[in-house]
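Each chain, letter by letter, is given below.
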Amino acid sequence: MRNPYKEKETRSDIEVTLSRRAAIISIFSFLCIIILPPLYQNIFELNKKLCGNNDITWVPTIEIFNKDSKTTITDHLQQYEKSLEDAEFTEPPRRIIQTILSKGPLHEGNSKTKIGKNGWLFLKTSLNSLTGYGPIKTEPQSVSKDPNLNHWQSPLTVIERFADQLNQFGVHLVIVSIPVKPMIYPEHLSQPTQEPVIHPDSENFYSALRSLNNVDVLDLTLPLFKLKSNSEVFLKQDTHWTPEGMEKAAKIIADHIKSKGWEYKQSVLKTNGSESRSSFGDLVENLNTYGKISDLETVMATPVKGQTIDPESSIVLLGDSFTNIYSTDTTLNWGKHAGLADHIALNLGGPLDVIAINGGGATGARKKLASRKGSAVSMKKKRAVIWAITSRDLFLSPTAAHKARIHWENVIFDNRSPEPIRISSARVRAKILSKPKLPDPKSTTYSALLYGADYKILETTSGKIETDGNRIAVMHWAYKNRQMLPSSNYKIGEERVLNLIPFDEMKELRTLEQLYDGDLFDYYWDLPEANNEMPEKTIILKENGSNSHLIASASCGLFALILAFLIKKIVKHNT
């Protein structure tokens, strides 16, 4: 090779040659890398589709031409590109790369999890809540700003509205601000501090809340920071607090409620000592690596015996996963009956009316409270609402909050008679009117999501059901264990036969993260068909899945052999 910019060569020309064998191997490897993964995906999904498993198949070569008549070509291609990024064949390479980054010398996390010192893990959203513009200072305008942020409401505005609603019912609001892990343990990220790390707007924000009529604010940051000198306050590999941190918070809250002299139902509650509980933690799951990256973390939790939850209690507790952890084992994996509600009730000596939804601290829990039938009437029997919310939700800037799917919405209380819904079960034929846009399960905080869809009742074949103008809201699975389920693919305009019961009867599901954009108050749950064909169908689908893998692998192997033969012939012909 000659350098044209040098006037005089100081050395002889350099010639680079590549042997025929090396050329064949290089070309073959390159083509296999770019062709075999999508080829495998298409053959695998196409075979499943041909075997009748249509609900969860997505064949790229077919779907690119499967455009809805109501969708523009631009929107269709953008959705296709997004679906292609989330396709099944992209998961193994991503996990391999993440495993190398996390287990290697870099100790690098991902978009959801930060790896700190000594194996401590932190939720990236929690770190974002300590910096940025926060809830008071306005973010600068930008042409690249998401237009959906134009409708974003400040938490101060929403809280003020909610406090005013409760005040009209004669109900006191107690806001409990729960700190996040990096506020208490900054030394596992940078340098030790003599006091907790807080957002710059904290003082002004809490002062604004305390100035509201009929509102108390309990900031748990300093008490929990002091507690860490005696015991661990947060789990090393999980977003949430330890039983010791949670029990300290429960005592502070209960003491505040007792100091007010409010009347509430009494009950006999006790404990029978502590028990050992172990889990890897949600942040380990969020890293999404192959193999074991850390050992099980073990805590000592104290279950509470007796009735700790009663919808008729005059004291309401609204919360999120910080309330659910140790109380429900659904997706959180830290056991039952030893959570925040249980220990507040133990310290109070009486049960609470509890609504706690993972990821629902800002809006979901309040929306569920307001959507209870006749809530505008029944709330007048309450004395106080304890709203336990993480400071992460309070102090995220609009852009960061939108990205984390934390939205602050006003709620409307139901003005109907508070009589319970009179339905045990009903079978209907209905058409889907609307459903929310579902997020990518790989990018969310929690591994399970339910979504609500609005339906129009076309025919009631058995039972009776209460409707609002012949419309109902039905909850479905979006994904579980970060795997999209068939119900996530229900299409607007489709007609379905639904076996309905009130959603409140599904106690193990009520705490899961929920996504519903509609305006209906009553939610229902669609029970799957209970017959002997279901296990047989499941077995058939599993067998079809195994066969699909074999067919796709064999097809890719045959293609690789043909490709190698052709490349060899071409290279030989050109030499």
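Please refer to the structure higher up on the page.
Read on for a plain summary of the structure. What you see is a predicted model; the values in this text were computed from it and never measured.

### With respect to the nonpolar core
Val176, Trp241, Tyr326, Leu340 and Ile344 are the most contacted members of the largest nonpolar core, which totals 42 residues. If you list the elements that add at least two residues to this core, you get strand E3 (172–178), helix H9 (221–227), helix H10 (243–259), strand E7 (297–301), strand E9 (315–319), helix H13 (340–348) and strand E11 (384–390). Top contributing element to this core by residue count: H10, with six residues. Formed by 37 residues, the second largest nonpolar core is a distinct cluster that contains Leu166, Phe205, Ala370 and Ala400.

### Observations regarding the pairing of E3
In terms of burial, E3 is largely enclosed, as seven of its seven residues are buried. Of the two faces of E3, the one holding His172, Val174, Val176 and Ile178 and the one holding Leu173, Ile175 and Ser177 are both buried throughout. Looking at chain direction, E3 and E11 are connected through seven bridges and run parallel. Counted as the bridge partner of His172 is Ala384 from E11. Bridging between E3 and strand E4 (residues 215–219) involves five bridges; their strand directions are parallel. Each bridged residue has a counterpart across the sheet, and for Leu173 the counterpart in E4 is Val215.

### Some thoughts on the side chain of Thr125
You can see Thr125 is positioned in helix H5 (residues 124–128). Overall, Thr125 belongs to the buried group, its relative accessible area being 16%. Excluding anything up to four places from it in sequence, Thr125 contacts Arg392, Leu396 and Ala404.

### Quick word on unusual backbone geometry
Unlike most non-glycine residues, Asn333 shows phi in positive territory, near 65°. Tracing the backbone through its elements, the reader meets Asn333 in the loop between helix H12 (321–324) and H13. At Arg482, a residue that is not glycine, the phi angle is positive and equals roughly 65°. Residue placement: Arg482 occurs in the loop between strand E14 (471–480) and strand E15 (483–484).

Calculation notes
- Residues numbered from 1 in each chain as written.
- Predicted model: local features only at pLDDT ≥ 70, side-chain atom pairs only at ≥ 80, totals over all residues.
- Heavy atoms only, no water.
- Core = buried A, V, L, I, M, F, W, Y, C linked by side-chain atoms within 4.5 Å.
- Buried < 20%, exposed > 50% of the residue type's maximum accessible area, 1.4 Å probe, protein only.
- Helix = DSSP H or I, 4+ residues; strand = E, 2+ residues; numbered from the N terminus.
- Pairing = 2+ DSSP bridges.
- Contact = heavy atoms within 4.5 Å.

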